[in-house]
Structures are given as C-alpha cells and as structure tokens.
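# Survey of secondary and tertiary structure
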Amino acid sequence: MDMSLVSGIVLLVFMFLLLGAGVWVALALLGVGLLGMVVFTDSPAGPLMATAVWGSSNLWSLASLPMFIWMGDILFRSRLSDDMFEGLVPWMGRLPGRLLHVNIIGCGIFAAVSGSSAATAATIGKMSIPELKRRGYSERMVLGTLAGSATLGLLIPPSIILIVYGIATDQSIARLFMAGVLPGALLVALFMGYVMIRAKLRPHEIPELTDTFTWTDRWNALKRLGPVICLIAGVIGSIYSGIASPTDAAAVGVFLALCLAKYTGDLNRETFVDGLLSATRTSCMIAFILAGAAFLTMAMGFTGIPSGLATWIGQMDLSPYALLAALTVFFILMGCFLDGISVVVLTTSVIQPMILTAGIDPLWFGIFVVIVVEMAQITPPVGFNLFVIQGLSNRDILHIARAALPFFLLMITAVALITIFPQIVTYLPNNM
Amino acid sequence: MRRLLDRVYWGSGMVAAGFLVAIFLVVLSQVSANLLDFCIRQFTGKSLGLVVPSYAEIAGFFLAAASFFALPYTLRHGAHIRVTLVLMRLPRKAQTFLAVAACFGAACVSAFFSWYCWELVMESHEFGDLSSGLVPVPLWIPQLPLAIGSALLAVSLLDSGFRALSCRHDPATKLMIGEG
C-alpha cells in the first residue's frame, strides 16, 4: 500500500464523518480539501482556496445553470401540467398500456424544458397520479412509470447535472447535451416497451378506454402541447444548430417561459417572485457545491491522491468493463446516501484521472454517470424522486421504490447497452 | 438584533435575485443584438457587428455575485443540501450536539474562506488587476461579493449555531432534506 492510498482513505473517512454529521455538502467539500492541503502538503491553503473558488464561480458557461433552473421554476408554476396531460391523453389511448404512456412521454417532454428530475416528477405527477388512479389504473404501475420516467429530467437536455459535470471536468456543455439525446430516447423506448409488454401479459391492470377520441380531438389536443413544443424547439434547437451557446439559449428560454406563462395567465407578481427566489436558492446551492468541489479537486491534485489511485488501479490491470462495473456499484451505493450533484462532483475530483488512464472517453463517462445517478434517484433510502412522489401520493418510500424496481432494472439494461454500443452516446456529438 | 439579522439575510437574497435578473437581461440584450444584426444583414448586406461589450465576462461576474450573496439566504431556507439520514436516527441530544458542531465548524471554514477572499480582493486592488475582456473591469469589484457573501454566511452559521445551542427552532438546522 502506498502513501496516496492511505491519505486517500483518511480523507474519505473524514468526508463521510462530516457528511454523516449533517454538515452542508459544499462546506464539507471545502473542509475536506482544507484538511488535505494542511496535512498532506506544504502549499498555502487559504490563498489557493480563494483563487480556486473565484475561478470556478464566475464562468460564462455556468451562467446557463441559474437560467435553466429559473425557466423550469416559471413553467412549474404555470398551467403546463394540465396542458401536458390533456394534450397527451387523446394520443396514448390506443397503445397497449394506454394512459400509462402519458407519464413516460409527459416526463420526456417536460425533461426537455427542465433539468431536474424532482421538478419533472412533481410537474407530471401532480396531474397524472390522481387522474390515472381515478380511471382505475393500477397504482403500482402509475407510481412506477412516474418514478422511472421522471429521472429522464437528468439526462434529456437541458440537464442541470450535465452542466455540473461539464464544468467540473472541462467538457463542452453543448456536446454533453447532444450526447444525452439518444440515450434519453433509448430509455423512453425501453420504458414504453416494458409497459406495452406488461399490459399484454396482464390486461387486468389496465382499465378499458372509456372515452373515444377522433382525429379532431387529437389535433385539438396538439394545440395544447404546441406552446411547450415550440419552447423546446426554440431552446434546444438553437443549441444543436450551433446558433446559440447553452447560456444564450437558456436566457431565451426564460424569456419564452415568461411569455408562455403570461399567455396562459399564470404570470403575476407573486408567481414571478416565487419562481425567481426559488431559482436563486437552487442555483446558489449548486454553485456553492461546485465551488467547494473546485477547491477539493485542486487540493486533491496537490496531495497527488487521484493520480496515485489511478496508477494503483492501472497496476491492477482491470479491463475497462470490470472498472465500469465496479464504479457502477460504487456510484449506486454512494447515491443511496448522497444526492446526484454531490456524487458527480466527488467523482470528478477523485475518479477523473482514473477514467483517463483507463482510456475511457470523458464525454461518454458523463452520460454513464448521469444514468447511474438517475438509478440512485429511485433507490431508497435517499432518492429524491421517491421523496417527491411520496409527497404527491401519500404512499411510503419503500412501496414506491418497489413499484419503480422494474424501471431500475431497465436503466441497468440501458447502461449495459451504452457500454456495449458507445456510439449511442457519441454519434450525435461527433456528427453535428 | 433578531430582526436586523433576518433583514440582512433577506436583503442579501434579494440582491442575489437582482443579479440573476441582471444576467438574464445582459444575455438577452446580446441575443437581441445578434438577432437585429442578422435582420439588418439580410436587408442591407452589411453587418453592424452589434455587441454588448464583454457580455460573457460580465454575466460570469453577475453569476458569482448572485451565488455568493444568496448564501445566507439559502441557508436560512434550509436549501443547502445536507445528509440527514444518520441524524434522523440519533437521539435528540446527539442531534442537537451535532447541529451545534456542524454550525460552528462550518462557520469556521466559511470565515477562513472569507478572510482569504478579502486578501484576494486587497491584492487585486493593490496590483490593479483588470479583467481581460473588451471592457477592462478592476477585478476586485466582482471579487468583493465572494468576501461579503461568505462573511455573511459565517455570521448566519454562528447565528444558527447559537440557536441550536439553546434548542430553539431554526430553519437552517431543521432536519430536512434539500431539493435534488
């Protein structure tokens, strides 16, 4: 055992002590970095801390974060969830599994305007849980599809967590966004396929269709979806076509979201201030964690722990598959206790050199981490989607987690698929 | 005193929200300028090259200000993420003890950080460091919010620590889980 491994373990234990004692994540990261610098190096910790934090908190690309959060907060306070539900119902009635697909597609669409899976679960679930239960769908499937598909909020751009990963690992956010599209579509397809097969096998779980819809109904329904689809097309389209940087597109997104809320009559002084303050808090929380992680990464670099670990792992001569399998288990375990953003920033400060040594593409790894973190969102005891859905449905967390289990397994399938066929991730960013 | 502190936390949150709106307006005006430029080019074939000078850099500075001014306000709303899984299973007394320790420990880190931010500000001021964009901004100005915000965070952490010590209800140490 060499020195870097020992110091690494000391710092890891200290980190878990701080986190377990309920120290705020950002401050715990700063504290661990500080200890690492003071104990294991001779460098001046204070000035380096100030420089690292300053350097990581005034980035132009990071400015997209509060804008996307704000956009989601405005839409969350609008009539969007009604519109999504009413707009999707006439289209989904004929598929096996019927309105359960409203959850999946609804989450997929909302994920494209919001970067958070908790917001996605809350927005779609607010409408779909009571409506679907009233129509006699099995509660287990309603909660399961919602919990599973809401995690798409993390993967389908704009995604807060991909912005965090991009900043922390110095990857292009626009490229990460593109990389998230096909895996997101893959997950939607897997979820829908599962619901259809299950509906065929257990038809009694799905109630008969009570209302019939004509094509006129469907086109009218499309009108209710229209504004959101325009918003998505405007924001995401401008990033993909390269007209706008993610930050520009995010600001335009806020503008369009404000117009949309004004148009539907949901914008007043109260909702505006509410949304803005909520965005201020959320983005402050995330920016502070990123700042703490920036200092921790720098401190780790000074201690030489990550490169020591990378060499150590390198010497074990693992195949990339074995390394990824080990990391998957490790992330899911971490995700049981930590939120997704903390998992990502901890990863990047320690594991990044290991990934590069193993010859894994950091762009691909970003998507891999996000899907694994998504899985952690629906595993007890800490899974934010579970908390949100608990709040909406009044069922306990374990019940919801059981309902979400098939979707957890589908996500493992997705991880396996992108590992075997990395082109699913890299095709779009390399060809646009 | 209580009311004064609460006002300071609230006020710094409002300043932070103001900076978010400022980012929005700066970026939006650049986008509109691009759009206008595009239209003019379509009609006259000439580009005016309209730009909001250093807008990317300025948006970054506003972002730093927004993030740091919001620190105490976010803390008071219990919106900074922390792990409460272990805490929730501990007896009441141990919870209080850990809450006090976490507050005072975090206040020390925050004060330490703030101290060195002041030093950074002083240094930038002394050496007259300027930002590298079209409009050179003296760097100490956008660095100042880091020092102020983290100092206020230290104050609010001390405040919460003392409240936890006397077992009074406090939003910052309330056992709740932040938003993911």
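A short tour of the structure in this document, coming up. What you see is a predicted model; the values in this text were computed from it and never measured.

### Focus on the overall build of chain B
Check the secondary structure of chain B and you find four helices and zero strands. Listed N to C, the secondary structure of chain B is α-α-α-α in terms of helices and strands. A globule of 180 residues ought to have a C-alpha radius of gyration of about 16 Å, yet chain B, at 21 Å, is considerably larger. The principal-axis extent of the C-alpha atoms belonging to chain B is close to 75 × 40 × 30 Å. By the burial criterion, 47% of the 180 residues in chain B qualify as buried. When the accessible surface of chain B is split by element, carbon and sulfur atoms take 71% of a total near 8900 Å². Computing the positive centroid from 13 side-chain charges and the negative centroid from 10, chain B places the two 18 Å apart.

### Topic: the overall build of chain A
Within chain A, the secondary structure is distributed over 22 helices and zero strands. A globule of 432 residues ought to have a C-alpha radius of gyration of about 22 Å, and chain A, at 22 Å, matches this closely. Seen through its principal axes, chain A has C-alpha atoms that stretch 75 × 50 × 45 Å. Here chain A holds 432 residues, and the buried ones make up 63% of them.

### Some thoughts on the nonpolar core
Residue and element names in this part refer to chain A. The biggest cluster of nonpolar side chains holds 201 residues, and the ones touching the most others in it are Leu-27, Leu-29, Phe-68, Leu-75, Phe-331, Phe-365 and Phe-368. Counting residues per element, this core draws most heavily on helix 14 (residues 269-303), at 15 residues. In this structure Phe-68 touches Pro-158, Ile-160, Ile-163, Phe-177, Val-235, Ile-239, Pro-246 and Ala-250, once residues within four positions along its chain are discounted.

### A short note on the interface of chain A and chain B
Bring the parts together and some accessible area is lost; that lost area is often taken as the interface size. At the junction of the two partners, chain A supplies 52 residues and chain B supplies 57 residues. Counting the surface lost from both chain A and chain B, the interface buries some 4800 Å², and carbon and sulfur atoms represent 82% of this. Of all residues in chain A, Trp-24, Trp-54 and Arg-281 of chain A bury the most surface against chain B, accounting for 17% of the area lost on that side. Our enumeration of links across chain A and chain B arrives at four residue pairs in polar contact (both at pLDDT 80 or more). If you list the elements that add at least two residues to the side of chain A that touches chain B, you get helix 1 (3-20), helix 2 (25-40), helix 3 (45-57), helix 4 (64-76), helix 13 (246-263), helix 14 and helix 20 (384-393) of chain A. Here the side of chain A that touches chain B gets 11 residues from one element, more than from any other, and that element is helix 14 of chain A. Grouping the amino acids of the side of chain A that touches chain B by side-chain chemistry returns 39 nonpolar, 10 polar and three charged.

### Focus: unusual backbone geometry
Residue and element names in this part refer to chain A. With an omega of -5 degrees, the peptide bond between Pro-157 and Pro-158 qualifies as cis. Mapped onto the elements of the fold, Pro-158 is located in the loop between helix 9 (152-155) and helix 10 (160-169). With a phi close to 40 degrees, Arg-98 is a non-glycine residue in the positive phi region. In this fold, Arg-98 is placed in the loop between helix 5 (80-92) and helix 6 (100-111). In this structure, Asp-170 is a non-glycine residue whose phi angle is positive, near 65 degrees. Here Asp-170 shows up in the loop between helix 10 and helix 11 (173-201). What makes Asp-170 exposed here is its relative accessible area of 71%.

### Examining the environment of Ile-81 of chain B
On the secondary structure map, Ile-81 of chain B appears in the loop between helix 2 (55-76) and helix 3 (92-127). Each C-alpha atom of the pair Ile-81 of chain B and Ser-54 of chain B lies 33 Å from the other, and the pair is 27 residues apart in sequence.

### Concerning the side chain of Thr-303 of chain A
Residue and element names in this part refer to chain A. Residue position: Thr-303 is located in helix 14. Look at Thr-303 and you get buried, because its relative accessible area is 16%. For Thr-303, the contacting residues outside a window of four places in its chain are Gly-36, Phe-40 and Thr-41.

### Here we look at the side chain of Thr-123 of chain A
Here Thr-123 of chain A shows up in helix 7 (residues 117-134). A relative accessible area of 1% places Thr-123 of chain A in the buried class.

### A few points about helix 19 (residues 362-377) of chain A
The terminal C-alpha atoms of helix 19 of chain A lie 22 Å apart, and with 16 residues this matches the ideal 22 Å at 1.5 Å per residue to within 8%. One side-chain oxygen at the N-terminal end of helix 19 of chain A lies 3.0 Å from the backbone nitrogen of Leu-363 of chain A; it belongs to Asp-361 of chain A.

Calculation notes
- Residues numbered from 1 in each chain as written.
- Chains lettered and ligands numbered in written order.
- Predicted model: local features only at pLDDT ≥ 70, side-chain atom pairs only at ≥ 80, totals over all residues.
- Heavy atoms only, no water.
- Helix = DSSP H or I, 4+ residues; strand = E, 2+ residues; numbered from the N terminus.
- Rg over C-alpha atoms; globule rule 2.2 N^0.38 Å.
- Buried < 20%, exposed > 50% of the residue type's maximum accessible area, 1.4 Å probe, protein only.
- Areas by Shrake-Rupley, 256 points an atom, 1.4 Å probe, with all protein chains shown as cover.
- Lys, Arg positive; Asp, Glu negative; His and termini not counted.
- Charge placed at Lys NZ, Arg CZ, Asp CG, Glu CD.
- Core = buried A, V, L, I, M, F, W, Y, C linked by side-chain atoms within 4.5 Å.
- Contact = heavy atoms within 4.5 Å.
- Buried area = accessible area lost by both parts, 1.4 Å probe.
- Polar contact = N/O pair within 3.5 Å; in protein donor to acceptor, adjacent residues only side chain to side chain.
- Nonpolar A, V, L, I, M, F, W, Y, C, P; charged D, E, K, R; others polar.
- Expected span 1.5 Å × (residues − 1).

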